[in-house]
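# A look at the structure
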Amino acid sequence: MVKLDVMERNESIKIIAPPRAIDSIITGVNHIEKKPYLMLLPVILDLFLWLGPNLSMKNLVENLVNRLSLNAHLVSETTALDTQPLIDLFSQISSFGASYNVLSLASTFPLGIPAILKNADTLQNPFGIVRIIESTSFLSLLSWIALLLLLGLVLGSVYLFILSENISEDRKRSFPAICLQAILYSITLAAVLFIGSLIPIAIGSMVAIISPAVGQFVLLLLLMMVFWLLLPAFYGILPIFLFSQTFTQAIKSTYHTMGLKYKVTVGKDQAIFLVPRAINFTLLIFIIYEGLNIIWRIPDSSSGFLLIGIIGHGFISTAILLACLDYFSKMRVWREQLQAEVKG
């Protein structure tokens, strides 16, 4: 316990130590050891992306890139502009379109089932060439994208609903109601992220007209500020499943529990500001997740050893999500205990 002396009151306020991130990670691992079936959904999704059909947009992207490259060549021939960097970019887009499996969009974030093969080249597997389904038009491609994103959000809701049952039983809503609130929150977060990223890009582009180097610095700085401000919002999905909150309640609850600065009012003109812990927790789970993903991705899609990576990823990703649920729940309890201690 930590004691802080407050001048306005002749007593010391006992501040309960906040929960530790490593304890929540251990809790997540323990849940998987007791109930291995919890990691089935990530494993099944990765197996489908690995061994199932590949929905390709290769022809559509190639046709589009060819037309754009032709226009770039015409511009280069008629003007003094150097369009080679643009042509190189079109070539990279074409390579991406040739190998990307559109079905991987079923793995959405932050509400979704994590998949290690989300952006991987899965045109081959241990059994030979994968069956490829080619998109015939941009309209059909957009229909597939919309359907897969919706499917990913629904499957992600099922996944988090099951996991949250192991952390909290304080739920009063049915699954359809929770799923609807979670999807609304995800759409809202996506819109905010889109708008929030456009503003730094616009400002950085204007500054880059004067000085490209300064423009890049300003863009990076502004993007870091946006990330800093929106970091707690990525945890907003959790109280919807843990405590059956609406998406508006979840936004307020998340910033109150995992916000960048935590304020405890002590007196009329005094308050205690505590160091934010969401950043430390986020950094820790990011290092663990991405660090182990490097190992899981060592075998390519034509090797049977990729199965080990798929199972390992399913274990770690599920354990980390359980850790997030546990940490958020403990942080909420800690906040209530701390506020009660101050008021007492």
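Everything discussed here concerns the structure shown above.
We now turn to the structure provided with this report. (Residues numbered from 1 in each chain as written. Predicted model: local features only at pLDDT ≥ 70, side-chain atom pairs only at ≥ 80, totals over all residues. Heavy atoms only, no water.)

## Structural notes on the packing of aromatic side chains
- One pass over the full model with this rule turns up 5 aromatic pairs.
- With 6.2 Å between their ring centres and 45° between their planes, Y235 and F281 make a pair best called tilted. Highlighted residues: Y235 in the loop between helix 7 (212-230) and helix 8 (237-243) and F281 in helix 10 (residues 278-296), separated in sequence by 46 residues. The burial state of Y235 is the same as that of F281; both residues are buried.
- Taking 4.2 Å as the distance between ring centres and 5° as the angle between the ring planes, the aromatic pair formed by F281 and Y327 counts as stacked. Of the two residues, F281 sits in helix 10 while Y327 sits in helix 11 (residues 306-343), which places them 46 residues apart along the sequence.
- In this structure an aromatic cluster arises from ring pairing among Y235, F281 and Y327.
- The ring of F243 is capped by R332, whose NZ or CZ atom sits 3.9 Å from the centre of that ring. (Phe/Tyr/Trp six-rings, centres within 6.5 Å; stacked < 30°, edge-to-face > 60°. Helix = DSSP H or I, 4+ residues; strand = E, 2+ residues; numbered from the N terminus. Buried < 20%, exposed > 50% of the residue type's maximum accessible area, 1.4 Å probe, protein only. Lys NZ or Arg CZ within 6 Å of the ring centre and 35° of its normal.)

## Observations regarding the environment of W50
- Locating W50 in the fold gives a position in helix 2 (residues 40-51).
- Each C-alpha atom, one on W50 and one on S301, is 6.9 Å from the other, the two residues being 251 residues apart in sequence.
- Residue contacts for W50: discarding those within four places in its chain leaves L117, Q124, N125, P126, V130, S301, S303, G304, L306, L307 and I310.
- From its side chain, W50 meets the backbone oxygen of S301 in a polar contact 2.7 Å long. (Contact = heavy atoms within 4.5 Å. Polar contact = N/O pair within 3.5 Å; in protein donor to acceptor, adjacent residues only side chain to side chain.)

## As for helix 1 (residues 21-34)
- Over its 14 residues, helix 1 extends 20 Å from the first C-alpha to the last, a length consistent with the 20 Å expected when each residue adds 1.5 Å.
- Within the span of helix 1, buried status applies to A21, S24, I25, G28, H31 and I32. Considered in projection along helix 1, the buried side chains sweep an arc of 120° and stay on one side of the axis. Away from its buried face by more than 90 degrees, helix 1 exposes E33 and K34. (Expected span 1.5 Å × (residues − 1). Arc of directions from axis to C-beta.)

## Structural notes on helix 9 (residues 247-258)
- Helix length check: helix 9 (12 residues) gives 16 Å between terminal C-alpha atoms against 16 Å at 1.5 Å per residue, within 8%.
- Considered for burial, the residues of helix 9 that qualify are A250, S253, T254, T257 and M258. For helix 9, the angular spread of the buried residues around the axis is 105°, confining them to a single face.

## Some points on unusual backbone geometry
- Omega for the peptide link from F109 to P110 comes to 5°, which places this bond in the cis form.
- Considering the arrangement of structural elements, one finds P110 in the loop between helix 4 (84-99) and strand 4 (124-125).
- Not every positive phi belongs to a glycine, and S244 is a case in point at roughly 60°.
- The topology assignment puts S244 in the loop between helix 8 and helix 9.

## What about the side chain of N293?
- Residue position: N293 is located in helix 10.
- Setting aside residues no more than four positions away along its own chain, N293 makes contact with I116 and H313.

## Focus on the packing of helix 6 (residues 175-210) against helix 9
- Axis separation between helix 6 and helix 9 bottoms out at 9 Å; the angle between their running directions is 65°. Residues Q181, L184, Y185 and T188 of helix 6 form the contact with helix 9, whose own contacting residues are F247, A250 and I251.
- In the contact of helix 6 with helix 9, the residues fall into 5 nonpolar, 2 polar and no charged. (Axes fitted to C-alpha atoms, helices over the stretch in contact; angles between N-to-C directions. Nonpolar A, V, L, I, M, F, W, Y, C, P; charged D, E, K, R; others polar.)

## Considerations on the packing of helix 1 against helix 10
- Put simply, helix 1 and helix 10 touch, their axes get as near as 10 Å, and they point 45° apart. Judged on the interaxial angle alone, helix 10 and helix 1 are oblique. Crossing of helix 1 over helix 10 shows right-handed handedness. Within the contact between the two elements, helix 1 uses A21, I22 and I25 and helix 10 uses F281, L284, I285 and I288.
- The class makeup of the residues in the contact of helix 1 with helix 10 is 7 nonpolar, no polar and no charged. (Parallel < 35°, antiparallel > 145°, perpendicular 65-115°, else oblique. Left-handed = near helix turned anticlockwise from the far one by under 90°.)

## Some thoughts on the pattern of salt bridges
- Evaluated as defined, the whole model comprises 2 salt bridges.
- Ionic pairing is found between D23 and R20, a salt bridge with its closest N-O pair at 3.0 Å.
- Note on D23: relative accessible area 30%, which makes it partly exposed.
- Using a relative accessible area of 49% as the deciding quantity, one classes R20 as partly exposed. (Salt bridge = Lys/Arg side-chain N within 4 Å of Asp/Glu carboxyl O.)

## Some points on the nonpolar core
- With 68 residues, the main nonpolar core has V102, L111, Y235 and F241 as its most contacted residues.
- Ranked by residue count, the leading element in this core is helix 11, at 15 residues. (Core = buried A, V, L, I, M, F, W, Y, C linked by side-chain atoms within 4.5 Å.)

## Side note on the side chain of S164
- Take S164: it is sitting in helix 5 (residues 138-164).
- Judged by its relative accessible area of 0%, S164 falls in the buried class.
- A distance of 3.0 Å separates a polar atom in the side chain of S164 from the backbone oxygen of F161.

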